[in-house]
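# Coordinates in review
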Amino acid sequence: MSDDKIDELLTTLGRLFKPHPWHGVAIGDEAPETVTAFIEVVPTDTVKYEIDKATGFLTVDRPQKYSNVCPTLYGLIPQTYCGELVAGLCAERTGRDGIVGDCDPLDICVLAERPFAHGDILLQAIPIGGLRMIDGDEADDKIIAVLKNDAFYSDMRDIYQCPHPLVQRLQHYFLTYKEAPDAPKPTTEITHIYDRGEAYDVIRRSQEDYLKHFGDLKQTLLAPLRDS
């Protein structure tokens, strides 16, 4: 099949079917400096939503039992995966053995001045840093980014330009969002707040982890067509 016919087929498929937010949406040609983000949760949500990995639909993960709400837009970076390379960097930076990836797409928190009414949306985000979070023995990094062209935040280029109380709110949320008030021992910890350069490294590693575990899905799809 010719390339023109393949392009025509892909265009038709794009009109008929909604892409999977994790696998079917591109991270963007300017990654890691600018990335696509799929937003699952907004600050007004009292229910934690999460994509269903099999279907790509946004599903209810759990109602928030306690008073914490995420202080930023929260979601995932498409075509990323927290696997061996992400876990290796976490182990290197923390000096700990036995760290593994959480086998999920890379999480992202996006700062934006304007309120968003709901999630299930795509946007362009500029990473400025991250939180190195460990959940049990799993690396569960949170990339911190700003909404591209945001009137208030878009000039920020590093997490250390971010208001400290906001970074503290993010830390508090992720340290407590799973915990009952009488929990004997927290299951999550944040070992480091890291800068833009390290955020880029985490994103690149998560892209490599994704290719290792899933391959280039578009090329896999097109291979039989090119041979026909």
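In case you missed it, the structure is sitting above this.
These remarks concern the structure in this document.

Rules of the game
Residues numbered from 1 in each chain as written. Predicted model: local features only at pLDDT ≥ 70, side-chain atom pairs only at ≥ 80, totals over all residues. Heavy atoms only, no water. Helix = DSSP H or I, 4+ residues; strand = E, 2+ residues; numbered from the N terminus. Rg over C-alpha atoms; globule rule 2.2 N^0.38 Å. Contact = heavy atoms within 4.5 Å. Areas by Shrake-Rupley, 256 points an atom, 1.4 Å probe, with all protein chains shown as cover. Lys, Arg positive; Asp, Glu negative; His and termini not counted. Charge placed at Lys NZ, Arg CZ, Asp CG, Glu CD. Expected span 1.5 Å × (residues − 1). Buried < 20%, exposed > 50% of the residue type's maximum accessible area, 1.4 Å probe, protein only. Polar contact = N/O pair within 3.5 Å; in protein donor to acceptor, adjacent residues only side chain to side chain. Phe/Tyr/Trp six-rings, centres within 6.5 Å; stacked < 30°, edge-to-face > 60°. Axes fitted to C-alpha atoms, helices over the stretch in contact; angles between N-to-C directions. Nonpolar A, V, L, I, M, F, W, Y, C, P; charged D, E, K, R; others polar. Core = buried A, V, L, I, M, F, W, Y, C linked by side-chain atoms within 4.5 Å. Arc of directions from axis to C-beta.

### With respect to the overall build of the chain
Of regular secondary structure, the chain possesses five helices and ten strands. Relative to a compact globule of 228 residues, whose C-alpha radius of gyration would be 17 Å, the chain shows 18 Å and is just as compact. Dimensions of the chain along its principal axes, counting C-alpha atoms only, are 60 × 40 × 35 Å. Across the chain, contacts joining residues at least 24 apart in sequence account for 75% of those joining residues at least 6 apart. Summed over its atoms, the accessible surface of the chain is roughly 11900 Å², and 52% of this surface lies on carbon and sulfur atoms. Of the charged side chains in the chain, 23 are positive and 38 negative; the average position of the first set lies 2 Å away from that of the second.

### Quick notes on helix α4 (residues 196–214)
The end-to-end C-alpha distance of α4, which contains 19 residues, comes to 27 Å, matching closely the 27 Å that a straight helix rising 1.5 Å per residue would cover. Among all positions in α4, only Glu198, Ala199, Tyr200, Val202, Ile203, Arg205, Ser206, Asp209 and Tyr210 are buried. You can read the cap of α4 off the contacts: a side-chain oxygen lies 3.3 Å from the backbone nitrogen of Gly197, and it is on Asp195. A positive phi of about 70 degrees marks Gly215, the residue just after α4.

### Points about the packing of aromatic side chains
Following the criterion strictly, the structure yields ten aromatic pairs and no others. When the ring of Trp22 is compared with that of Phe214, the centres are 5.3 Å apart and the planes differ by 75 degrees; the resulting orientation is edge-to-face. Linking Trp22 in the loop between α1 (3–16) and β1 (35–41) with Phe214 in helix α4, this pair joins segments that are 192 residues apart in sequence. Taking relative accessible area as the criterion, Phe214 reaches 30% and is therefore assigned partly exposed. Arranged with centres 5.6 Å apart and planes meeting at 80 degrees, the rings of Tyr81 and Phe214 form a pair that is edge-to-face. Taken together, the residues span a long stretch of sequence, with Tyr81 in the loop between β4 (73–76) and α2 (84–94) and Phe214 in helix α4 at a distance of 133 residues. Judged by its relative accessible area of 9%, Tyr81 is buried.

### Structural notes on the packing of α2 against α4
Two elements in contact, α2 and α4, have axes whose closest approach is 7 Å; the angle formed by their N-to-C orientations is 145 degrees. Residues Glu84, Leu85, Val86, Gly88, Leu89 and Arg93 of α2 form the contact with α4, whose own contacting residues are Glu198, Asp201, Val202, Arg205, Ser206, Glu208, Asp209, Lys212 and His213. A breakdown of the residues in the contact of α2 with α4 according to their chemical character gives four nonpolar, three polar and eight charged.

### Here's the deal with the nonpolar core
Counting 29 residues, the largest nonpolar core has Ile39, Ile77, Ile108, Val110, Leu123 and Ile143 as its most contacted members. The residues contacting Val110, other than those within four sequence positions of it, are Ala37, Ile39, Thr72, Leu73, Leu123, Ala125, Ala145, Val146 and Leu147. Val146, Met156, Leu166 and Leu170 belong to the second largest nonpolar core, which has 22 residues in total.

### Digging into helix α3 (residues 164–176)
Over its 13 residues, α3 runs 18 Å from end to end, which matches the ideal 18 Å to within 8%, given 1.5 Å per residue. Those residues of α3 lying buried are Leu166, Val167, Leu170, Gln171, Tyr173 and Phe174. Buried positions in α3, seen along its axis, are confined to an arc of 160 degrees and lie on one side of it. Residues of α3 that are exposed and angled more than 90 degrees away from the buried face: Arg169 and His172. Those residues of α3 hidden inside the fold are in contact with β4, β6 (107–111), β7 (121–135), β9 (142–147) and β10 (188–194).

### Here we look at unusual backbone geometry
A cis amide bond, omega 5 degrees, links Ala31 with the succeeding residue Pro32. Within the secondary structure, Pro32 sits in the loop between α1 and β1. Positive phi values are uncommon outside glycine, yet Gln79 reaches one of about 55 degrees. Tracing the backbone shows Gln79 in the loop between β4 and α2. We classify Gln79 as partly exposed; its relative accessible area is 26%.

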